[in-house]
Amino acid sequence: MNAMGGGGEPASADNFTFLDDEPEAGGSSKAKAKKKKKKKKERRDAASSGSEDSDSDSGDSDAPRSAISGKRIKMSRERSAADEAEDYGRKQLLKLMNAQY
C-alpha cells in the first residue's frame, strides 16, 4: 500500500475510521464531561434569567446596601420589654421541650 490509500486513489475521510465515531459501551468520558458541562451551563443560565433582584422580598427599596456586594444591610433595632419577655418565654419553652427527651 502506498500513502495515497491503496489503489492509486487519493485518501479521503471515508477511508479512515475516527475514534470519536465509534461510541464505547459505557460512553466516552469526554462526551460525558461535555454533556455535563453543557447541562451545568443551561442550569446557570436558567437561574440567572429569573428575578434580577433576589433579595427584593423585603420590599424596602431604600434600605441601605453594601457598596461591595450590593446586599441589603440588616440593621438592628432597640429591643423593648415585650421583646425581652417573648425571648424569655421561648427559652423556657425550649428548656421544657428538651427536658422531655
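Scope of this entry: the structure provided in the associated data block. (Residues numbered from 1 in each chain as written. Predicted model: local features only at pLDDT ≥ 70, side-chain atom pairs only at ≥ 80, totals over all residues. Heavy atoms only, no water.)

### Topic: the overall build of the protein chain
In step 1: Per the secondary structure count, the protein chain includes two helices and zero strands.
In step 2: Within the protein chain, buried positions represent 2% of all 101 residues. (Helix = DSSP H or I, 4+ residues; strand = E, 2+ residues; numbered from the N terminus. Buried < 20%, exposed > 50% of the residue type's maximum accessible area, 1.4 Å probe, protein only.)

### Some points on a positive patch on the surface
In step 1: Taken together, the side chains of Lys35, Lys36, Lys37, Lys39, Lys40, Lys41, Arg43 and Arg44 present a region of like positive charge at the surface.
In step 2: With respect to the helices, strands and loops of the structure, Arg44 is situated in helix α1 (residues 29–48).
In step 3: Here Arg44 falls in the exposed class, since its relative accessible area comes to 51%. (Patch = residues over 30% accessible without salt bridge, like charges linked within 9 Å, V, L, I, M, F, W, Y side chains within 5 Å. Areas by Shrake-Rupley, 256 points an atom, 1.4 Å probe, with all protein chains shown as cover. Salt bridge = Lys/Arg side-chain N within 4 Å of Asp/Glu carboxyl O. Lys, Arg positive; Asp, Glu negative; His and termini not counted. Charge placed at Lys NZ, Arg CZ, Asp CG, Glu CD.)

### Quick notes on the pattern of salt bridges
In step 1: Across all of its chains, the model carries four salt bridges by this definition.
In step 2: With a closest N to O distance of 3.2 Å, Arg77 and Asp83 form a salt bridge.
In step 3: Of the residues examined, Asp83 reaches a relative accessible area of 14% and is grouped as buried.
In step 4: A salt bridge links Arg90 to Asp87; its shortest N-O distance comes to 2.5 Å. Of this pair, Arg90 and Asp87 both sit in helix α2 (residues 81–99), separated by three residues, roughly a single helical turn.
In step 5: Under the relative-accessibility criterion, Asp87 is labelled partly exposed at 22%.
In step 6: Sharing partners across several salt bridges, the network here consists of Arg79, Glu84, Asp87 and Arg90.

### Quick word on the side chain of Asp83
In step 1: Relative to the helices and strands, Asp83 resides in helix α2.
In step 2: Among the polar contacts made by the side chain of Asp83, one reaches the side chain of Arg77 at a distance of 3.2 Å.
In step 3: Not counting residues within four places of it along the chain, the set of residues in contact with Asp83 comprises Arg77 and Glu78. (Polar contact = N/O pair within 3.5 Å; in protein donor to acceptor, adjacent residues only side chain to side chain. Contact = heavy atoms within 4.5 Å.)

### Here we look at the environment of Met75
In step 1: Note on placement: Met75 falls in the loop between α1 and α2.
In step 2: On the accessibility criterion, Met75 (64% relative accessible area) is exposed.
In step 3: A C-alpha to C-alpha distance of 8.7 Å links Met75 and Pro64, two positions eleven residues apart in sequence.

### Looking at the environment of Asp62
In step 1: Structurally, Asp62 is set in the loop between α1 and α2.
In step 2: Sequence separation between Asp62 and Arg72 is ten residues, and the spatial gap between their C-alpha atoms is 9.6 Å.

### Considering a nonpolar patch on the surface
In step 1: Together, Leu93, Leu96 and Met97 give the surface a local cluster of nonpolar side chains, amounting to about 290 Å² of exposed area.
In step 2: In this fold, Met97 is placed in helix α2.
In step 3: Under the relative-accessibility criterion, Met97 is labelled partly exposed at 42%.

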